[in-house]
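# Commentary on secondary and tertiary structure
Residue-level listing of the chains:
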Amino acid sequence: MTRTPYGTVYCLTIIGQIEGHMSASTNTKTTKYEHVLPLLAKLEESEDVDGVLFLLNTVGGDVEAGLAIAELIAGMTKPTVSIVLGGSHSIGVPLAVAARRSFAVPSAAMTIHPVRMSGTVIAAPQTYSYFQRLQDRIVDFVSRHSRISAESFQQLMLKKDDMAADVGSVIYGEEAVSLGIIDQVGGLSDGLAYLYRQIEDRKNL
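Residues numbered from 1 in each chain as written. Predicted model: local features only at pLDDT ≥ 70, side-chain atom pairs only at ≥ 80, totals over all residues. Heavy atoms only, no water.

## Observations regarding the environment of His89
- Here His89 is to be found in the loop between strand E5 (80–88) and helix H3 (92–97).
- Each C-alpha atom, one on His89 and one on Gln17, is 9.8 Å from the other, the two residues being 72 residues apart in sequence.
- The residues touching His89, leaving out its near neighbours within four places in the chain, are Thr58, Val59, Gly60, Ala109, Met110 and Thr111. (Helix = DSSP H or I, 4+ residues; strand = E, 2+ residues; numbered from the N terminus. Contact = heavy atoms within 4.5 Å.)

This is the structure:
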């Protein structure tokens, strides 16, 4: 936590792979959802914390774990800001838009693609339906917490000419803003300035 003249800010870094029910390899940097969820609840209830800054540099990971974290961030009443540094790929996109204000540095990258599953997959209509419903949850969350429409985000997911031997899109900082996914291009000073203003406004209510 950092105490400033505006209030106390907690900085939470979400890096590497979002780890869900299955553990990643020992050589993989991870963000474990079972650590993040109770921490977010604690920050929301803490009288010592005035705002939360999320620094994102993640390759993505477990879809349901990522959505759980994103929903908890979106449900916080305290001022929140996210900054995409390096990348916020795959399920990292909902995490980036979950805060009240999202920023991305110009060099930040975001990969948007359909839901993928590793391991054994049963080739049945029910499996396709599960994948589609999971993908719809992601599309719905992103469109509700950003300025991009569900249709436009789905088009980015299914774009065919942006990734070799795959479908999806890779976008960067300014493009993410122009598409309406991220609120504005900016770095640490911009994110903190916005957070301080929100903290000040909340205190004056």
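## Quick notes on the side chain of Ser143
- With respect to the element layout, Ser143 can be found in helix H4 (residues 125–144).
- Within the structure, Ser143 has its side chain in polar contact with the backbone oxygen of Asp140 (distance 3.0 Å).
- With residues near it in sequence (within four places) discarded, Ser143 still touches Ile148, Ser149 and Ala150. (Polar contact = N/O pair within 3.5 Å; in protein donor to acceptor, adjacent residues only side chain to side chain.)

## Quick look at the nonpolar core
- Residues Ile138, Phe153, Ile181 and Ile182 are the most contacted members of the largest nonpolar core, which totals 45 residues.
- It is helix H2 (residues 63–74) that contributes the most residues to this core, six residues altogether.
- Among the nonpolar cores identified, the runner-up in size contains eleven residues, and Leu55, Ile83, Phe103 and Leu195 belong to it. (Core = buried A, V, L, I, M, F, W, Y, C linked by side-chain atoms within 4.5 Å. Buried < 20%, exposed > 50% of the residue type's maximum accessible area, 1.4 Å probe, protein only.)

## Some thoughts on unusual backbone geometry
- Within the chain, Ser90 stands out as a residue other than glycine whose phi angle is a positive 55°.
- Of note, Ser90 is situated in the loop between E5 and H3.
- On the basis of relative accessibility, which here comes to 22%, the residue Ser90 falls in the partly exposed class.

## Brief notes about the pairing of E5
- Most of E5 is tucked away: seven of the nine residues are buried.
- Bridge count for strand E4 (residues 51–61) against E5 is six bridges, and the pairing is parallel. Bridge pairing in E5 places Leu56 opposite Val84.
- Regarding the hand of the β-α-β motif, the stretch spanning E4, H2 and E5 is right-handed.
- With four bridges connecting them, E5 and strand E6 (residues 101–104) associate as parallel partners. Looking at the pairing, Ser82 lines up with Ser102 of E6.
- Handedness of the crossover joining E5 and E6 through H3 is recorded here as right-handed. (Pairing = 2+ DSSP bridges. Right-handed = clockwise from strand over helix to strand, strands pointing away.)

Any link to function would need more than the numbers given here.
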